[in-house]
Amino acid sequence: MERERILEAAGHFDMEGEIAEYCPFGSGHINDTYRLTYRTPQGERRSILQRMNRQVFQKPEELMENLMGVTSWLKKKIREQGGDPQRETINLVMGRDGKPYWVDASGDYWRMSLSIEHAFCYDQVEREEDFYESAVAFGNFQRLLADYPAHTLHETIPDFHNTVDRFHKLQRAIQADPLGRAAGVQKEISFALEREELAHVLCDQQERGELPLRVTHNDTKLNNVMIDEKTGRGICVIDLDTVMPGLAVNDFGDSIRFGASTAAEDERDLSKVSCDLRLYEVYVKGFMEGCGGALTDREMEMLPMGAILMTYECGIRFLTDYLEGDHYFKISREGQNLDRCRTQFCLVKDMEEKLPRMQSIVEQYRKTV
Ligand code: GN1
Ligand code: MG
């Protein structure tokens, strides 16, 4: 059934050759992703086919408009700087009807892009250099989009990193408690509720205009950067679904949340979970270099807070989804969203203790940019 749907969808995109093989691809929590191999007279070609999550992305046409706008902008910039636009950004494959997506009979939206060969994504940092490379790539991404006409971007998920709103959604989920799960997670609930003030820190500064709105990626996990197999360079930032106006400190923070953790996002043994300050430092250096001196003083000062807040917010999101019955983040086992929430809160606690050291690391590097 799924096989037929995949092959049918693939047939609507303008790729040459016969499909020889397909397999599930990547480790995203939202869309369904497949890698397809085509046989052509010139050899094998591969593409990435995705079924977009229609519950999460309710205006897929607007999302694709963002994606087209941002990738063509990036291609132009990359070309101007002597880079390779075929490898350094996403290249969408158009549908045979000229649209960048295809809608199947059930109303699901599909899209396709060329596969970037000889490059990898990591779910966990294996070598410090890779984390540094991801930092430069995300910093660069921000720099390349600095003068993008941000007002033309659609807000693909309203209030995506509005931590105060995420906090209220959690409160509502606790109140509704549709599955009676709240009683079993009182510890996690208290942890979240005790930190209501934290939820306000960046949102309030943004409202007061103390932090500039920029075009940001908003999902800067390590596995959203492709690392070139040969050169080891972070070549391409992927997963552009949440590119929207946002805060640079959140982009920084989400990378730390995921990449500087000593354990997987869903690790059950919390004694393995902490924020590795060495990795944090490596990322600070790379991100500042990548941004090319574009960050304001306040932004630099708030970087460590961004790390705490993105982790706290993500923990809140996992907890909310657990309480509501796991309908947002994909799970492969019972309780996985609760496990994810626990690692996030464990990291928050650890980072709260390490905050002074995190701040002094930023101080040390801001002198060099
Ligand atoms: C989701 O799709 P993926 O796995 O890259 C989520 C992010 C979360 C992340 C947690 C659109 O990202 O916001 O931080 O999971 N994306 C969306 O791992 O909600
Ligand atoms: Mg992803």
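Criteria and cut-off values
- Residues numbered from 1 in each chain as written.
- Chains lettered and ligands numbered in written order.
- Predicted model: local features only at pLDDT ≥ 70, side-chain atom pairs only at ≥ 80, totals over all residues.
- Heavy atoms only, no water.
- Pairing = 2+ DSSP bridges.
- Helix = DSSP H or I, 4+ residues; strand = E, 2+ residues; numbered from the N terminus.
- Buried < 20%, exposed > 50% of the residue type's maximum accessible area, 1.4 Å probe, protein only.
- Donors = N, O, S within 2.8 Å, 3.2 Å for Na, K, Ca; no water.
- Near = heavy atom within 4 Å.
- Polar contact = N/O pair within 3.5 Å; in protein donor to acceptor, adjacent residues only side chain to side chain.
- Areas by Shrake-Rupley, 256 points an atom, 1.4 Å probe, with all protein chains shown as cover.
- Nonpolar A, V, L, I, M, F, W, Y, C, P; charged D, E, K, R; others polar.

Asker: I tried to follow the sheet that holds strand β9 (residues 225-228) on my own but got confused; where do I start?
Answerer: What holds strands together in a sheet is hydrogen bonding between their backbones, with the strands either parallel or antiparallel. Read across the open sheet, the 3 strands follow the order β7-β9-β10; overall the sheet is antiparallel. Looking at strand neighbours, the two that pair on one side only are β7 (119-120) and β10 (234-237), the edges of this open sheet. Here 3 bridges tie β9 to β10, and the two strands are oriented antiparallel to one another. Bridging across to β10, Val225 finds its partner in Val237.

Asker: What is the right way to look at unusual backbone geometry in this model?
Answerer: As a rule of thumb, non-glycine residues mostly have phi less than zero, and peptide bonds are mostly trans rather than cis. Even without glycine at this site, Asp159 takes up a positive phi of about 60°. Position of Asp159 among the secondary structure elements: in the loop between α4 (128-144) and α5 (163-176). Exposure remark for Asp159: the relative accessible area of 33% places this residue in the partly exposed category. The phi dihedral of Asn218 falls on the positive side, at around 75°, and the residue is not glycine.

Asker: When you look at the coordination of the magnesium ion (ligand 2) in this model, what are you seeing that I'm missing?
Answerer: For a metal with four tetrahedral donors the ideal donor-metal-donor angle is 109.5 degrees, whereas six octahedral donors ideally subtend 90 or 180 degrees. Looking at the magnesium ion (ligand 2), the protein donor atoms are Asn224 (OD1) and Asp239 (OD), and they sit 2.3 to 2.4 Å from it. Residue Asn224 is found in the loop between β8 (214-216) and β9, and its partner Asp239 is found in the loop between β10 and β11 (244-246); the two are separated by 15 residues along the sequence. Look at Asp239 and you get partly exposed, because its relative accessible area is 26%.

Asker: How should I be thinking about the site of ligand 1 in this particular structure?
Answerer: The local shell around ligand 1 holds 18 residues, among which His29, Asp219, Lys221, Glu265 and Tyr328 are the closest. Here an oxygen atom of ligand 1 sits 2.9 Å away from a polar atom, N or O, in the side chain of Asp239. Within the side chain of Arg257, an N or O atom sits 3.5 Å from an oxygen atom of ligand 1. The fraction of the free accessible surface of ligand 1 (440 Å²) that becomes covered by protein chains is 96%. A per-element tally of the shell around ligand 1 places helix α10 (residues 297-324) first, with 3 residues. Across the shell around ligand 1, the residue classes tally to 8 nonpolar, 4 polar and 6 charged.

Geometric values such as these leave the question of function open.
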